[in-house]
Amino acid sequence: QVQLVESGGGLVQPGGSLRLSCEASRRFFSPYGMGWFRQAPGKEREFVAAVSSTGRSTLYADGVQGRFTISRDNAKNTVDLQMNNLKPEDTAVYYCAAGDGGEPPGSTVRVRSWGQGTQVTVSS
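Described in the following lines is the structure provided in the data block. Here the structure is a predicted model, which is why all the values come from computation and not from measurement.

**Details of the sheet that holds strand β7 (residues 68-73)**
- One open sheet holds the four strands; their spatial order is β1-β3-β8-β7, and the pairing between them is antiparallel. In this open sheet, the two edge strands, each paired with only one partner strand, are β1 (4-7) and β7. Looking at each pair of strands side by side, their axes are set apart by 15° on average, direction ignored.
- In terms of strand pairing, β7 meets strand β8 (residues 78-83) through six bridges, oriented antiparallel.

The structure is reproduced here in structure tokens:
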């Protein structure tokens with residue numbers, strides 16, 4: 001079982017930036033695609049961004065394309081999500097996810113392990 005620990009959430013004003021980080025247990029990190037998902041109150045968990053095991057391939061949800069950037073460092077077993085120009089609708093609990101293969105996990109059915117989540121609140 002992959003252990004995933006997120007950090008970096010918090011409160012930010014609209015238009016601001018946050019950087020989320022996820023550290024995974026070394027043994028299970030490098031062969032697998034990694035992703036970020038989010039869940040707002042009363043809504044289903046949704047895909048945000050994902051990256052392949054090599055880092056060469058990325059996927060983004062339409063609503064974050066151009067504002068969010070996912071990256072990974074296989075030497076440090078980390079995957080980060082840089083979030084710029086944040087909007088109130090980005091408010092949610094953000095979850096780090098490990099995929100079931102080397103491709104970017106672009107949906108919840110492709111996730112085999114979840115982190116505990118970190119709260120992001122965008123409000124003035």
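**A few points about the state of the cysteines**
- Counted according to the given criterion, the structure contains one disulfide.
- Linked covalently through their sulfurs, C22 and C96 form a disulfide whose S-S length is 2.1 Å. Judged by the torsion about the S-S bond (-80°), the C22/C96 disulfide is left-handed. In this pair, C22 is assigned in strand β3 (residues 18-24) and C96 in strand β9 (residues 92-99), connecting sequence segments 74 residues apart.
- Taking relative accessible area as the criterion, C22 reaches 0% and is therefore assigned buried.
- Residue class for C96 comes out buried when judged on its relative accessible area of 0%.

**Topic: unusual backbone geometry**
- You will see that N77, though not glycine, has its phi angle at about 60°, which is positive.
- Take N77: it is sitting in the loop between β7 and β8.
- With a phi angle near 50°, N85 is a residue other than glycine that sits in the positive phi range.
- Among the secondary structure elements, N85 is positioned in the loop between β8 and β9.

**What to know about the environment of Y60**
- Looking at the element boundaries, Y60 is found in strand β6 (residues 58-60).
- For Y60, a relative accessible area of 18% puts it in the buried group.
- Considered as a pair, Y60 and P31 are 29 residues apart in the sequence and their alpha carbons are 20 Å apart.
- A polar side-chain atom of Y60 sits 2.9 Å from the main-chain amide nitrogen of I70.

Reading the values: the criteria
Residues numbered from 1 in each chain as written. Predicted model: local features only at pLDDT ≥ 70, side-chain atom pairs only at ≥ 80, totals over all residues. Heavy atoms only, no water. Pairing = 2+ DSSP bridges. Helix = DSSP H or I, 4+ residues; strand = E, 2+ residues; numbered from the N terminus. Axes fitted to C-alpha atoms, helices over the stretch in contact; angles between N-to-C directions. Disulfide = S-S within 2.5 Å. Buried < 20%, exposed > 50% of the residue type's maximum accessible area, 1.4 Å probe, protein only. Polar contact = N/O pair within 3.5 Å; in protein donor to acceptor, adjacent residues only side chain to side chain.

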